[in-house]
Each structure stands twice: as C-alpha cells, then as structure tokens.
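Here's the letter readout for the chains.
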Amino acid sequence: QVQLVESGGGLVQAGDSLRLSCTASGRTFSSYAMGWFRQAPGKEREFVAAISWGSTTFYEDSVKGRFTISRDNAKNTVYLQMNSLKPEDTAVYYCAARGGILKTIATRYDYWGQGTQVTVSS
C-alpha cells in the first residue's frame with residue numbers, strides 16, 4: 001500500500017511559477033512510476049507529466065517546456081515545477097503511483113493523492 005500526499009498548490013497570477021510536491025509512504029517508492037494529473041471543473045481528469053523509476057519523463061503537449069517533473073528517491077518525493085503558468089492550467093492537481101512502466105492513462109495508476117488546488121488568475 002502506498003499513500004501519497006500532495007502540497008504546494010495555491011493562487012498565482014499568469015506567468016508565475018509554482019512547485020508541487022508529492023511525498024509517498026512506503027519503502028518501494030524508487031520502483032514506482034509516478035504521474036501528475038489534473039482535473040478542471042466540469043472536465044475529465046487529464047495527464048500532465050510522468051516519470052519512470054529510471055527518471056525517464058513524458059509530458060502532455062500543452063505543458064512541454066513549461067513544466068518539469070522530477071523525483072528524489074531518498075526523500076520519497078516527486079515534484080512538478082510549473083513555470084509560465086496560464087489561466088488554463090487552473091485545476092486540482094493529483095499525484096499518482098503505479099508499479100511498472102510509465103503510463104499516461106489515469107486508470108493505469110494504482111494509488112492517488114487527495115489533490116492540491118492550483119488557481120491561475122489572468
């Protein structure tokens with residue numbers, strides 16, 4: 001069982017930056033692929049970024065060049081650095097974990113955090 005706790009969300013202006021953190025319980029964090037997803041009001045949950053156990057990364061097209069996912073296995077933590085934020089980035093951001101290879105589909109993830117709100121004003 002893995003428990004995930006996100007932090008770092010908030011209210012910012014367009015063009016600002018935020019760094020989200022997700023800390024996992026358990027001793028096998030380094031073997032999990034980790035993903036960030038987001039869900040805006042009235043929309044389905046969508047993929048944002050993912051990182052494999054070997055630190056291979058993959059991004060959704062709209063965040064490429066603006067967001068960076070990274071992990072610190074010693075701290076059982078995955079990060080999402082978000083730069084040049086836009087109002088359309090406003091959503092609840094969720095951290096997710098899965099055993100095995102990196103995936104971009106939410107239903108392929110086994111464990112989820114409670115989410116953290118990111119609001120970007122124009």
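Our subject in this report is the structure included herewith. Numbering of residues starts from 1 in every chain and runs along the sequence as written. The predicted origin of the model limits local features to residues at a pLDDT of at least 70 and limits the giving and counting of side-chain atom pairs to 80 or more, whereas totals for whole chains, interfaces and linings rest on all residues. Side-chain numbers here rest on the full set of heavy atoms in the structure, without hydrogens or water.

Re the sheet that holds strand β7 (residues 67-72)
If DSSP finds at least two bridges between two strands, the strands pair. Secondary structure is summarised from DSSP: a helix means a run of H or I of at least four residues, a strand means a run of E of at least two, and numbering begins at the N terminus for each. Pairing within the open sheet is antiparallel, and its 4 strands lie in the order β1-β3-β8-β7. Of all the strands in the sheet, just β1 (4-7) and β7 have a single pairing partner and so form its edges. The average undirected angle you get between the axes of adjacent strands in this sheet is 15°. Judged from the 4 bridges that link them, β1 and strand β3 (residues 18-24) form a sheet pairing that is antiparallel. Across the sheet, Glu-6 pairs through a bridge with Cys-22, a residue of β3. With axes taken as lines fitted to C-alpha atoms, and helix axes fitted only over the stretch in contact, angles between N-to-C directions fall between 0 and 180 degrees.

Some words on the nonpolar core
The nonpolar core is taken to be a set of buried Ala, Val, Leu, Ile, Met, Phe, Trp, Tyr and Cys residues, with the residues joined through side-chain atoms within 4.5 Å. Classification of residues uses two cut-offs on accessible area relative to the type maximum, computed with a 1.4 Å probe and protein chains only: under 20% is buried, over 50% is exposed, and between them is partly exposed. Counting residues in hydrophobic clusters, the biggest one holds 29 residues, and the most contacted among them are Leu-4, Met-34, Trp-36, Val-78, Leu-80, Met-82 and Tyr-93. Breaking this core down by element, the ones donating at least two residues are β3, β4 (32-39), β5 (46-51), β7, β8 (77-82), β9 (91-99) and β11 (116-121). In this structure, Phe-37, Phe-47, Ala-50 and Ala-96 belong to the second largest nonpolar core, which totals 5 residues.

A look at the state of the cysteines
Note that a disulfide, as used here, is simply two cysteine sulfur atoms within 2.5 Å. What the rule picks out here adds up to 1 disulfide. With its sulfur 2.0 Å from that of its partner, Cys-22 forms a disulfide with Cys-95. As the torsion about the S-S bond is roughly -75°, the Cys-22-Cys-95 disulfide counts as left-handed. Of this pair, Cys-22 sits in strand β3 while Cys-95 sits in strand β9; the two residues are 73 residues apart in sequence, bridging distant segments of the chain. For the pair formed by Cys-22 and Cys-95, the shared burial category is buried.

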